[in-house]
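# Secondary and tertiary structure notes
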Amino acid sequence: MYRFSVEFLSKCHVSCGEAWSSRFARWTFTKKSLFSQESYKRSLCEKCTCLNGGNTMDEIVRQEPKIVRAIFHHTEISRDHMTPEIQLFLLTPNCPLYHVPFQTISEEDQMERNVFHEPFWSIYWPGGQALARFLLDEGKGLVSTSRNVLDVGAGCGAVAIAAKLTGAMKVVANDINEVACIAISMNAALNRVHVEVSRENLLYETPVKSVDVIFIGDMLYDEEISSALIPWLEKARQNGTRIYLSDPGRHGLTEDLKKRLKILKRYSLPESIRKENHGYDTCLVYEFCT
């Protein structure tokens, strides 16, 4: 199932890729029958009782019913992470698909293959967990007076959700992956918050001056992305935007970038997260300073 993840992380020389590879090699396939459209939609809306008038999830289902169905059917709603205040649709060991090699999924299940081909959105990575934890604990002063908050490389959307729960007025979660954007909308609905979603590759655009705060978790997977991020973040900082990053210490956390970072918080990662991420035992939250 995670063929793309393993190859991609290996190419980028990310240490945690070895942990993913060894886990995925053990997976076996168990196929479940799909819910009917009305059955899964009714179950989904029951889980998302948070919705104002029950319309938001209806709209998500109406726009992308097959993707929503695949996410709902093959993930579980989890609080088993550093931010139990936030519920998330995640792929966990309790999910049969977690134990499935990507190549064994039948081509007849094309939607499952498409949805879980690049499944970074289905994992709550340590940088995102630490940054969301930081926001929930200490973020009121950061976002409560902020009109516009941007979460770049949002993945499952937990940081954006934490920002909204902390009091941010407008939150945009940005991810270039289509399935991630749908998962973000589902997770936001699950947590009774409204988060706007963007699929633009913002690193190729001039930072918007109206953004008050930018959050970035788990994007420092190699030096190439770090080299692209630094000038973009510098431009954003020149606009007066405050910028916060979090990472457990991957290759993209270069010496050049470290010179621009101020450590705000250090978190010890739970044992389960350490196992999932090749032994990383701490995760730092930084402020980007020019």
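Residues numbered from 1 in each chain as written. Predicted model: local features only at pLDDT ≥ 70, side-chain atom pairs only at ≥ 80, totals over all residues. Heavy atoms only, no water.

Further remarks concern the packing of aromatic side chains. Overall, the coordinates contain three aromatic pairs when judged by the stated rule. Measuring from centroid to centroid gives 6.5 Å for Phe72 and Phe89, while their planes differ by 70°, and the two rings are edge-to-face. Of this pair, Phe72 sits in helix H5 (residues 65–74) while Phe89 sits in strand S2 (residues 88–90), and the two are 17 residues apart along the sequence. Pair check on accessibility: Phe72 and Phe89 agree, each one buried. (Phe/Tyr/Trp six-rings, centres within 6.5 Å; stacked < 30°, edge-to-face > 60°. Helix = DSSP H or I, 4+ residues; strand = E, 2+ residues; numbered from the N terminus. Buried < 20%, exposed > 50% of the residue type's maximum accessible area, 1.4 Å probe, protein only.)

Before going further, it helps to spend a moment on the environment of Ile184. Secondary-structure assignment places Ile184 in helix H10 (residues 178–190). On the basis of relative accessibility, which here comes to 1%, the residue Ile184 falls in the buried class. Distance in space between the C-alpha atoms of Ile184 and Leu88 is 9.0 Å, their sequence separation being 96 residues. Residues within four places of Ile184 in sequence aside, it is in contact with Ala154, Gly155, Cys156, Gly157, Ala173, Asp175, Val195 and Val197. (Contact = heavy atoms within 4.5 Å.)

Let us look at unusual backbone geometry. Despite not being glycine, Arg192 shows a phi value in the positive range, around 60°. You can see Arg192 is positioned in the loop between H10 and strand S5 (196–198). Even without being glycine, Asp218 reaches a positive phi, approximately 65°. Relative to the helices and strands, Asp218 is located in the loop between strand S6 (213–217) and helix H11 (223–238).

Our next topic: the environment of Thr75. Mapping Thr75 onto the fold places it in the loop between H5 and strand S1 (76–78). C-alpha of Thr75 to C-alpha of Tyr98: the two residues are 23 residues apart in sequence and 8.6 Å apart in space.

Turning our eyes to something else, we now look at the pairing of strand S7 (residues 242–247). Where burial is concerned, most of S7 is hidden: five out of the six residues are buried. Where S6 lies against S7, five bridges are found, and the strand directions are parallel. When the bridges of S7 are listed, Ile216 appears paired with Leu245. Regarding the hand of the β-α-β motif, the stretch spanning S6, H11 and S7 is right-handed. (Pairing = 2+ DSSP bridges. Right-handed = clockwise from strand over helix to strand, strands pointing away.)

With that settled, consider the side chain of Thr166. One can find Thr166 in helix H9 (residues 158–166). Owing to a relative accessible area of 5%, Thr166 belongs among the buried residues under this scheme. Among the polar contacts listed, one links the side chain of Thr166 to the backbone oxygen of Leu135, at a separation of 3.4 Å. Here Thr166 is in contact with Leu135, Leu136, Gly139, Lys140, Val143 and Ser144, once residues within four sequence places are set aside. (Polar contact = N/O pair within 3.5 Å; in protein donor to acceptor, adjacent residues only side chain to side chain.)

Let's shift gears to the environment of Thr206. With respect to the secondary-structure elements, Thr206 resides in the loop between S5 and S6. A relative accessible area of 65% places Thr206 in the exposed class. Thr206 sits 27 residues away from Leu233 along the chain, and the two C-alpha atoms are 10.0 Å apart.

With four of its five residues buried, strand S4 (residues 170–174) lies for the most part within the structure. When strand S3 (residues 148–152) meets S4, the two strands line up parallel, connected through five bridges. Paired with Asp151 across the bridge in S4 is Ala173. Read as a crossover between parallel neighbours, the route from S3 over H9 to S4 is right-handed. Two strands pair when backbone bridges link them, and S4 and S5 are joined in this way by three bridges, in the parallel orientation. Residue Asn174 lies in a different strand from S5, and its bridge partner there is Ser198.

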